[in-house]
Amino acid sequence: MTQEELDALMNGGVDLDSIDEEDTKDTQKEVEEDEEAGPIDPKKSNGVYPPPATEDHQVVSQLDEVTKESEAKATEVLDIMDAISNSMMDNEEYLNKVLDFFKEHKALFEKLSAKFPHIKTFSEEKEKIEEMIDLVNQSLENSQNASDNVMMAMDIMQYQDIHRQKIERVINIMRELLKYMNRIFEGKIDDSKRVSSARHIHGDSTEDVVEEDDLEALIAQFAGKK
């Protein structure tokens, strides 16, 4: 219904019976168009239908690739984190050496400023060294915090291995189900020795059907085997 028809309806200028009749005709037309269009083509359904059973869509193979790639990437990440952790440890060692150097000079300027209090340079240098010691201590604290965070991240990455094991368990269950289905549908008669069956019978929308004579001959064949 258009806006004009709606306004006319509100003003009482439209016959409701005629609207119902038009809506019914529109609905019937849509149904007929859908019937003429036929079934949806799976190739044009944008993934609505299951994908074809090709190598690109093998579920177990894709899960195997996921576990393999995720394990490889996780190993690379852990190696990088380990390298960062080693670098932080080296930095802490260097900073401790710098800290020892400043502490020695601080002790020296403390003695000099105490022995020569009238020389301001000694006291000023001592204050500068104290500031540098504070900066080095702050750097050491930051480095230690960074190392702790790296270790926490490495611990969290261990859960990736747990996830890999879960996926592998799902793969194993799927493989066992596949083996079970193969066993339960396995027959004692070889497929090449089985009686050929028709792909279509009467009532199917195709010309490739089994004729009545063929059905009678098939029944007679079975009856002769008894």
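Refer to the structure above for everything that follows.
These remarks concern the structure in this document. (Residues numbered from 1 in each chain as written. Predicted model: local features only at pLDDT ≥ 70, side-chain atom pairs only at ≥ 80, totals over all residues. Heavy atoms only, no water.)

**Focus on helix α3 (residues 59-115)**
For α3, spanning 57 residues, the distance from its first C-alpha to its last is 83 Å, which sits close to the expected 84 Å at 1.5 Å a residue. Summarising the contacts, the buried residues of α3 are in contact with α4 (120-184). (Helix = DSSP H or I, 4+ residues; strand = E, 2+ residues; numbered from the N terminus. Expected span 1.5 Å × (residues − 1). Contact = heavy atoms within 4.5 Å.)

**Brief notes about the packing of α3 against α4**
Where α3 meets α4, the closest approach of the two axes is 8 Å, and the angle between their N-to-C directions is 165 degrees. What the angle tells us is that α3 and α4 run roughly antiparallel. Two packed elements cross with a definite hand, and for α3 against α4 that hand is left-handed. Class assignment for the residues of the contact of α3 with α4 results in 31 nonpolar, 14 polar and 13 charged. (Axes fitted to C-alpha atoms, helices over the stretch in contact; angles between N-to-C directions. Parallel < 35°, antiparallel > 145°, perpendicular 65-115°, else oblique. Left-handed = near helix turned anticlockwise from the far one by under 90°. Nonpolar A, V, L, I, M, F, W, Y, C, P; charged D, E, K, R; others polar.)

**Considerations on the pattern of salt bridges**
Under the defined criterion, the tally for this structure stands at six salt bridges. Linking glutamate 130 and lysine 106 is a salt bridge whose minimum nitrogen-to-oxygen distance equals 3.9 Å. Within this pair, whereas glutamate 130 is found in helix α4, its partner lysine 106 is found in helix α3, the two being separated by 24 residues in sequence. We classify glutamate 130 as partly exposed; its relative accessible area is 27%. (Salt bridge = Lys/Arg side-chain N within 4 Å of Asp/Glu carboxyl O. Buried < 20%, exposed > 50% of the residue type's maximum accessible area, 1.4 Å probe, protein only.)

**Looking at the environment of serine 147**
Secondary-structure assignment places serine 147 in helix α4. Separated by 60 residues in sequence, serine 147 and serine 87 place their C-alpha atoms 9.3 Å apart. For serine 147, the residues in contact, after removing those within four places along its chain, are Met88 and Glu92. In this structure the side chain of serine 147 is engaged in a polar contact, spanning 3.5 Å, whose partner is the side chain of glutamate 92. (Polar contact = N/O pair within 3.5 Å; in protein donor to acceptor, adjacent residues only side chain to side chain.)

**Let's talk about a nonpolar patch on the surface**
Residues Tyr180, Met181, Ile184 and Phe185 make up a contiguous nonpolar surface patch of roughly 460 Å² in combined accessible area. Of note, isoleucine 184 is situated in helix α4. (Patch = residues over 30% accessible without salt bridge, like charges linked within 9 Å, V, L, I, M, F, W, Y side chains within 5 Å. Areas by Shrake-Rupley, 256 points an atom, 1.4 Å probe, with all protein chains shown as cover.)

**Examining the packing of aromatic side chains**
What the rule picks out here adds up to three aromatic pairs. Ring plane angle 55 degrees and centroid distance 6.2 Å describe the contact between phenylalanine 116 and phenylalanine 122, whose orientation is recorded as tilted. Overall, the relative accessible area of 29% leaves phenylalanine 116 in the partly exposed class. Looking at phenylalanine 122, the relative accessible area reads 18%, which means it is buried. Taken together through their ring pairs, the aromatic side chains of Phe109, Phe116 and Phe122 make up a single cluster. (Phe/Tyr/Trp six-rings, centres within 6.5 Å; stacked < 30°, edge-to-face > 60°.)

**Notes on the side chain of serine 143**
Structurally, serine 143 is set in helix α4. Using a relative accessible area of 5% as the deciding quantity, one classes serine 143 as buried. Among the polar contacts listed, one links the side chain of serine 143 to the side chain of glutamate 92, at a separation of 3.4 Å.

**Quick look at the nonpolar core**
If you look at the biggest cluster of nonpolar residues, it comprises eight residues: Leu99, Phe102, Phe109, Phe122, Ile129, Ile133, Val136 and Leu140. Contributions of two or more residues to this core are made by α3 and α4. The leading source of residues in this core is α4, at five residues. When neighbours within four sequence positions are excluded, leucine 99 is seen to be in contact with Ile133, Val136, Asn137 and Leu140. (Core = buried A, V, L, I, M, F, W, Y, C linked by side-chain atoms within 4.5 Å.)

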